[in-house]
Amino acid sequence: MLSEEMSVKKIAEAWNEKWELLCHGCGKCCYEKHFIPGGSLVIDYDKPCRFLEEESKRCTVYVNRFNACKECQKITLWTALFSRALPPDCGYVVKVRGAIKHPVKNIKSILSIRRSQR
Ligand code: SF4
Ligand code: SF4
């Protein structure tokens, strides 16, 4: 039987795994961005992160990305909810901001992680 600490760790790992899967790899967060008056996001596709392989949209330093690139930031629940720097079709934005509109569905998704740990 798992100790409580192990269970929490497993749930956290499962959550992290599910969280990473929300990214559909469009690469849009890996370009320079700016905001036009009024606050709309503009992605400068002429200025990719130096670690982005543009054709595949793959990060060449993914595992070590936060050390390799000081501009690279982890996408948290907070940024998924409020960051203006993520495009509206980002997988995190769609899922998390959509979950606000469908809270019951979101809770079911969290519970399904817990059930899979039993
Ligand atoms: S380091 Fe970060 S911003 Fe740069 S390509 Fe990798 S994931 Fe994208
Ligand atoms: S914009 Fe969102 S979905 Fe696209 S690569 Fe970045 S994190 Fe993933």
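- If you check an unreviewed UniProt entry, the protein chain appears there as YcgN family cysteine cluster protein from Oceanispirochaeta crateris.

Side note on unusual backbone geometry
A negative phi angle characterises most non-glycine residues, just as the trans form characterises most peptide bonds.
Link 1 in the chain: The phi angle at Lys 57 is positive, at roughly 65 degrees, despite the residue not being glycine.
Link 2 in the chain: Within the secondary structure layout, Lys 57 lies in the loop between β3 (52-53) and β4 (58-59).
Link 3 in the chain: Judged by the 14 C-beta atoms lying within 10 Å of it, Lys 57 is partly exposed.

Things to note about the site of ligand 1
Link 1 in the chain: Neighbouring residues of ligand 1: Cys 30, Cys 49, Phe 51, Leu 52, Cys 59, Val 61, Arg 65, Ala 68, Cys 69 and Cys 72.
Link 2 in the chain: Split by residue class, the shell around ligand 1 holds nine nonpolar, no polar and one charged.

Things to note about the site of ligand 2
Link 1 in the chain: As a matter of local geometry, ligand 2 sits amid 13 residues, with Cys 23, Cys 26, Cys 29, Cys 90 and Gly 91 nearest to it.
Link 2 in the chain: The class makeup of the residues in the shell around ligand 2 is eight nonpolar, four polar and one charged.
Link 3 in the chain: When we break the shell around ligand 2 down by domain, the ones giving at least three residues each are domain 1 (25-72) and domain 2 (73-118).

Examining helix α1 (residues 4-21)
Link 1 in the chain: Counted at 1.5 Å a residue, the expected span for α1 with its 18 residues is 26 Å, and the 26 Å between its end C-alpha atoms agrees.
Link 2 in the chain: Burial analysis of α1 places just zero of its 18 residues in the buried class, which makes it a mostly uncovered element.

So, how was this worked out
Residues numbered from 1 in each chain as written. Chains lettered and ligands numbered in written order. Predicted model: local features only at pLDDT ≥ 70, side-chain atom pairs only at ≥ 80, totals over all residues. Helix = DSSP H or I, 4+ residues; strand = E, 2+ residues; numbered from the N terminus. Buried ≥ 20, exposed ≤ 12 C-beta atoms within 10 Å, placed from the backbone. Near = placed C-beta within 6 Å. Nonpolar A, V, L, I, M, F, W, Y, C, P; charged D, E, K, R; others polar. Domains from an automatic or database assignment. Expected span 1.5 Å × (residues − 1).

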